[in-house]
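# Observations on chain architecture
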Amino acid sequence: MTPTDPHETAAVVPDPAGLNTPKISVVVPVYNAAPHIAQTLRSVLTQSLSDWELIAVDDGSTDDSLAIMGRLFGDDPRIQLVPQPNAGVSRARNRGVALSRAPLIAFLDADDLWHPDKLRLHVAYHDHHADVGVSFARVAFLSPEGTPTGHLAAQPRTTYRPVDFLCENPTNTTSNWVLRREVFTTVGGFVSDMSYSEDLEWLLRVACDGRWRITGLPQVLTYYRTSVGGLSSSLQRMEQGWLRLIQEARRYAPDLVAQHFATAQAIHLRYLARRSLRLGGTPAIGTDFMVRALRSDWRLLLRQPRRTLLTTVAVFARQLLAPWRRLGGRQGKTRS
């Protein structure tokens, strides 16, 4: 599909072979997901709501992802497997939406999982809340191996402002979203050449449009697999993706960006500093993120003291202790 602008939009595809339109379409972008794709798709197959269709867009995988999906799920008429040359996650999602038919759309990344009642609860919520354009739920975090970590995302709220999506991502992951097709058609799809912060940029566009609410459900319905080797660990690229979000937002919300840029950048850099701690990378990287966060808006220490102070102390302590750890490692090698 060749977009006419960077925000590819989704058209309603005619109902093939006279099939009834499902209640919800599930779009799964897939790239080299062989270790996890079977478990991910099974979490859709076991949904308590069975009136769905699934479009899995294989974005030029070089592993066995497409073969696994075809072998295990190719006989299910609700599942459509769509191979394409590698074009990036945004184009893969946009193409999946363009091929879908339902009035509601859900996204699911190829390594995440859903609670069995995920779709049923979201569909029921949208049925009773016509003003809600995007809904999401609470997220539980899994280890890279798929075991529960015991960590939960913050309890979602029922109302959000545009600035909330400029500073942070309350939804945590696109695997958490259910949205109305009319929203996607109206505001456009994901920016086609973005692979980082493309989700936040899209949510910010919806929030700035103002015609629909973005709201959270209180239940834990999405399980997010953390990764040390995928998008989430590429800290420098994540920063560049966020700066691209700012570039896009300046086109449709210049006053919002001008008013909140310093604080939003400080919050994002603090997030990257915390993430560097969890990933166990080079200590200097986390220190650099935190120093630049405080330079961008030092008042974050006053507005959000607990999270900011804890992150600051942790990254600087790790930096200060790094030489001693290296020395201890050398002494251990010498003794052995």
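Scroll up for the structure.
Calculation notes
All residue numbers here refer to positions counted from 1 along the written sequence of the relevant chain. Owing to the predicted nature of the model, reporting of local features is limited to residues with pLDDT of at least 70; listing and counting of side-chain atom pairs is limited to 80 or more, with chain, interface and lining totals taken over all residues. As a rule here, side-chain values cover all heavy atoms of the structure and leave hydrogens and water aside. Each helix is a run of H or I in the DSSP string that is no shorter than four residues. Each strand is a run of E no shorter than two, and both are numbered from the N terminus. Buried residues are those whose accessible area, probed at 1.4 Å on protein chains only, stays under 20% of the maximum for their type, while exposed residues exceed 50% and partly exposed ones sit between those limits. The rule is short: rings of Phe, Tyr and Trp, with Trp giving its six-membered ring, pair when the centres are within 6.5 Å, and they are stacked under 30 degrees, edge-to-face over 60, tilted in between. Salt bridges are defined by distance alone: a side-chain nitrogen of Lys or Arg within 4 Å of a carboxyl oxygen of Asp or Glu. We call a set of buried Ala, Val, Leu, Ile, Met, Phe, Trp, Tyr and Cys residues a nonpolar core when their side-chain atoms join them within 4.5 Å. Note on pairing: DSSP must find at least two bridges between two strands before they are called paired.

## Considerations on unusual backbone geometry
A positive phi is found at Asn32, a non-glycine position, where the angle reads about 50°. Summarising the element assignment, Asn32 is placed in the loop between β1 (24-30) and α1 (37-45). For Asn32, a relative accessible area of 28% translates into the label partly exposed. The backbone phi angle of Asn172 is positive, close to 75°, even though this residue is not glycine. Take Asn172: it is sitting in the loop between α5 (162-167) and β8 (178-180). Judged by its relative accessible area of 31%, Asn172 is partly exposed.

## Section: the packing of aromatic side chains
Throughout the structure, instances matching the rule amount to 12 aromatic pairs. Consider the rings of Phe136 and Tyr160, whose centres lie 5.7 Å apart with planes at 50°: the pair is tilted. Taken together, the residues Phe136 in strand β6 (residues 132-142) and Tyr160 in the loop between β7 (148-152) and α5 connect sequence positions 24 residues apart. Accessibility assignment for this pair places Phe136 and Tyr160 in one class, buried.

## Looking at the pattern of salt bridges
Should their charged atoms come close, side chains of opposite charge can pair. In the structure shown here, the tally under the stated rule is 18 salt bridges. Glu248 is paired through a salt bridge with Arg251; the nearest N and O atoms lie 3.0 Å apart. Of this pair, Glu248 and Arg251 both sit in helix α8 (residues 235-252), three residues apart, roughly one helical turn. Take Glu248: its relative accessible area is 6%, and that puts it in the buried class. The salt bridge involving Arg299 is made with Asp297; its shortest N-O contact spans 3.1 Å. Since its relative accessible area comes to 2%, Asp297 is described here as buried. What you see here is one network of salt bridges that share partners, running through Asp193, Arg244, Glu248 and Arg251.

## Examining the nonpolar core
Within the largest apolar cluster, 36 residues are counted, with the highest numbers of intra-cluster contacts made by Phe107, Phe165, Leu166, Leu179, Trp202 and Ile214. Listing elements by their share of this core, those giving two or more residues are β4 (104-107), β6, α5, α6 (181-187), α7 (198-209), α8 and α9 (254-279). Ranked by residue count, the leading element in this core is α7, at six residues. In this structure, Val26, Val44, Phe73 and Val178 belong to the second largest nonpolar core, which totals 25 residues.

## A closer look at the pairing of β6
The side chains of a regular strand alternate, residue by residue, between the two faces of the sheet. Most of β6 is tucked away, with 10 of its 11 residues classed as buried. Pairing analysis gives nine bridges linking β6 to strand β9 (residues 213-225), with the strands arranged parallel. Counterpart to Phe136 in the pairing with β9 is Gly216. Where β6 lies against β8, two bridges are found, and the strand directions are antiparallel. Paired with Val134 across the bridge in β8 is Leu179. Pairing geometry for β6 and β7, over two bridges, is antiparallel. Note on β7: the bridge partner recorded for Ala140 is Leu152. Hairpin connection of β6 to β7: five residues between the antiparallel strands, including Gly146 at a positive phi of 95°.

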